[in-house]
Amino acid sequence: MDGDASQLLRLDNVCKSYHNNLVLENVSFCVNKGETVTLIGPNGAGKSTLMKISLGILDVSSGTVHRSNKISIGYMPQKVMIDDVLPLSVRDFLYLRPGSTYDDIEKVLETVKLSYISNQPVQSASGGEMQRILLARALLGQPDLLVLDEPVQGIDIMGQQEIYGLIAKVRDETNCGVLMISHDLHLVMASTDQVLCLNRHICCSGTPELVKDNPEYHAMMGRPAEGVAIYTHHHNEGHDHKHHGHNHD
Ligand SMILES: Nc1ncnc2c1ncn2[C@@H]1O[C@H](COP(=O)(O)OP(=O)(O)OP(=O)(O)O)[C@@H](O)[C@H]1O
Ligand SMILES: [Mg+2]
C-alpha cells in the first residue's frame, strides 16, 4: 500500500449493491496500527457487509480497498455453524485454523481465560464461552489487524466489559489495529479511537466523545427512553376515551 506505513487498511468511496439493492454508499475510512475503529449502526445497516469487504471475502461494486501488504488478519465472524454430531474439542476446533499449533492454542485460550474448557466438546460451550472461543481463534496467527463482528453478542454486561478490556490489552501489547462492530457506544468509549456511525452511508464519525453528542448519532440509534414514555401514554389512554394526551406529563 502506498504512503503511510502505519496504515493497515483503507477504504475509499466503497459502494456495494446486492442485485439492485444499494447497501453501502461511498464509505471511506482507514485503520492504523494500534488503533481501534468501531462501527455502530442499526440492524441491516451494512456493517457485516463492510467487514467482509474489508477482508476481501466480498467484492465491492465500486470504490477501492487497500490492505497493507502481507498483513495477517484475525477475523471473528458474526455467526459460525458447527456440526452438532461432529465430535470436536475446543482445542481441536481451534486447530482447524490453518497454521496453528497446540502451543499457540493453549496461549490464546489462556488470553481469553478459557484454558479450563480446552478438552470439552466445542458444542457444549455456553454462548459467552463460544464468543471467547471465536475471539481466541481470531487471535491465532498473531494478527496485525483484528476484525471482530459483534464480539460481545449474547454476553452479559460484566462479560462485555471484560471482552472489550481484553481486546484493548491485546491491541496495546501487539500494536495491532482493530476494526469491530458494537451496538453500545458507552461500553466501547474507553477503548475506541474512532467511531463510524453507519446506516448504509457514514452518518457521522469521529472520537467517541464527539459522536456521543452528535444529533446524527441520536437520530440513527433512537432514544429508548421516549419509547417508554409513549408506552405509558398508551396505557393511560385505555382508561379515558376522550383523552388526547399530554395532561399526565
Ligand atoms: N448475500 C446477500 N444477498 C442479498 N442481500 C444481502 C446479502 N447479505 C446481506 N444482504 C442485505 O444487506 C443489508 C445489510 O446486511 P448486513 O448483514 O451487512 O447488515 P448488518 O449491519 O451487519 O446488520 P446486523 O446488525 O443485523 O448484523 C441487509 O438488508 C441484508 O439483508
Ligand atoms: Mg451484522
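## Here's the deal with the sheet that holds strand β3 (residues 36–40)
1) Next: Pairing within the open sheet is mixed, and its 6 strands lie in the order β5-β6-β7-β3-β8-β9. The open sheet terminates on both sides in strands that have one partner only, identified here as β5 (73–76) and β9 (201–206). When the angles between neighbouring strand axes are averaged without regard to direction, this sheet yields 15°.
2) Next: Where strand β8 (residues 194–199) lies against β9, 5 bridges are found, and the strand directions are antiparallel. From the neighbouring strand, Leu196 faces β9, where its bridge partner is Ser205.
3) Next: Packing of helix α4 (residues 127–139) onto the sheet brings it into contact with β5 and β6 (145–148), and relative to β5 it is tilted by some 165°.

## Things to note about the pairing of strand β2 (residues 21–32)
1) Next: Taken together, the 8 bridges between strand β1 (residues 7–18) and β2 define a ladder with antiparallel strand orientation. In the sheet register, Leu11 faces β2, and the bridge partner there is Phe29.
2) Next: A loop of 2 residues connects β1 with β2, the two strands running antiparallel in sequence, and His19 in this loop sits at a positive phi of about 55°.

## Here we look at the site of ligand 1
1) Next: Near ligand 1 you find Tyr18, Val23, Gly41, Asn43, Gly44, Ala45, Gly46, Lys47, Ser48, Thr49 and Gln78, and these make up its full shell.
2) Next: No other element matches the 3 residues that helix α1 (residues 47–55) contributes to the shell around ligand 1.
3) Next: Residue classes in the shell around ligand 1 are distributed as 3 nonpolar, 7 polar and 1 charged.

What counts as what
Residues numbered from 1 in each chain as written. Chains lettered and ligands numbered in written order. Predicted model: local features only at pLDDT ≥ 70, side-chain atom pairs only at ≥ 80, totals over all residues. Pairing = 2+ DSSP bridges. Helix = DSSP H or I, 4+ residues; strand = E, 2+ residues; numbered from the N terminus. Axes fitted to C-alpha atoms, helices over the stretch in contact; angles between N-to-C directions. Contact = placed C-beta atoms within 7 Å. Near = placed C-beta within 6 Å. Nonpolar A, V, L, I, M, F, W, Y, C, P; charged D, E, K, R; others polar.

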